[in-house]
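# Topology and contacts: notes
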Amino acid sequence: MPDPFRSSDAPRWAVLAAWATVLCTVPSCVWRLALGAGVDVGFTGRLGALYTGTPVMVYVLVLSVLSQAVACLTFALVSPWGERVPGWVPRLGRRRVPVLAVALPAAVGAVAVTGLCAVLTLVPGGPLDNPDFPQGTAGLVMDACYAPLLAWGPLVAALTFAYLRRRSAGVPPGAAAGTSPAASPA
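My aim in this report is to walk through the structure given alongside it, one point at a time. (Residues numbered from 1 in each chain as written. Predicted model: local features only at pLDDT ≥ 70, side-chain atom pairs only at ≥ 80, totals over all residues. Heavy atoms only, no water.)

## Here we look at unusual backbone geometry
For R91, which is not a glycine, the phi torsion comes out positive at approximately 65°. Its location among the elements puts R91 in the loop between α4 (54–72) and α5 (99–122). Phi at R94 is positive, roughly 70°, even though this residue is not glycine. When you line up the elements, R94 lands in the loop between α4 and α5. Owing to a relative accessible area of 63%, R94 belongs among the exposed residues under this scheme. (Helix = DSSP H or I, 4+ residues; strand = E, 2+ residues; numbered from the N terminus. Buried < 20%, exposed > 50% of the residue type's maximum accessible area, 1.4 Å probe, protein only.)

What follows is the structure, encoded as structure tokens:
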């Protein structure tokens with residue numbers, strides 16, 4: 001039986017990196033779910049009062065499910081379903097997935113996640129400098145839970161590059177760029 005999480009030509013490192021993208025989102029999801037469940041995660045003052053109740057619980061649940069689902073989409077970069085539409089899909093089953101239909105959203109996601117993480121962590125006076133954010137041990141726990149997200153974007157970028165190289169292999173020169181081989185310079 002074929003492995004639904006590994007394309008026959010996806011390198012082992014890429015499959016491990018895809019799993020790492022999923023796993024690096026788990027600690028922040030657990031931390032957020034604890035916040036949503038009413039656990040005191042260290043917010044004080046105005047933020048402490050804001051981050052309570054049912055709306056926050058729904059928000060962190062939706063955000064956690066969405067971030068895990070998006071992270072799981074990284075498997076398309078190493079799986080057969082990132083190359084061919086699964087056979088059970090009506091009308092599209094077993095058709096080849098266009099390379100850019102997978103690579104372009106992955107590249108945009110890699111840039112977006114990397115940029116968001118960089119802005120949140122590196123910009124002086126950013127949201128993490130708010131005095132109502134968790135401090136001391138609670139702040140260290142929050143930082144430890146969110147730190148793995150810094151790897152998410154670069155991992156997706158590496159996987160996207162590997163996907164493009166693998167899927168473009170064997171394509172006549174110039175065809176990958178949308179030109180015919182005859183039109184490319186010799």
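## Thoughts on the layout of surface pockets
If you roll a probe as big as a water molecule over the atoms, it shows you where there is empty space left. The calculated volume of the largest pocket comes to roughly 1000 Å³. Together, 32 residues line the largest pocket, and R32, L116, L120, Y146 and L149 are the ones closest to its centre. Elements with a minimum of two residues in the lining of the largest pocket: α2 (26–36), α4, α5, α6 (136–146) and α7 (149–168). Top contributing element to the lining of the largest pocket by residue count: α4, with 7 residues. Residue composition of the lining of the largest pocket, by class: 24 nonpolar, 6 polar and 2 charged. When its volume is computed, the second largest pocket comes out at roughly 270 Å³. As for the second largest pocket, its lining consists of 15 residues, and the residues nearest its centre are V70, L73, T74, P105 and A106. For the lining of the second largest pocket, the elements supplying multiple residues, two or more each, are α5 and α7. For the lining of the second largest pocket, the element with the highest residue contribution is α5, accounting for 7 residues. (1 Å grid on protein atoms, 1.4 Å probe; cavity = no way out; pocket = protein on both sides within 12 Å on 5 of 7 lines; lining within 4 Å. Points joined across faces, edges and corners; volume = space filled by probe spheres on them. Nonpolar A, V, L, I, M, F, W, Y, C, P; charged D, E, K, R; others polar.)

## What about the pattern of salt bridges?
In this structure the tally under the stated criterion is 2 salt bridges. Between D9 and R166 there is a salt bridge whose closest N-O contact spans 3.2 Å. Residue D9 is located in the segment before α1 (12–23), and its partner R166 is located in helix α7; the two are separated by 157 residues in the primary sequence. Since its relative accessible area comes to 12%, R166 is described here as buried. Of the charged contacts, one joins E83 and R166 as a salt bridge, the two residues approaching to 3.2 Å between their closest N and O atoms. Here E83 is found in the loop between α4 and α5, whereas its partner R166 is found in helix α7, with 83 residues between them in sequence. Judged on exposure class, the residue E83 and its partner R166 are both buried. (Salt bridge = Lys/Arg side-chain N within 4 Å of Asp/Glu carboxyl O.)

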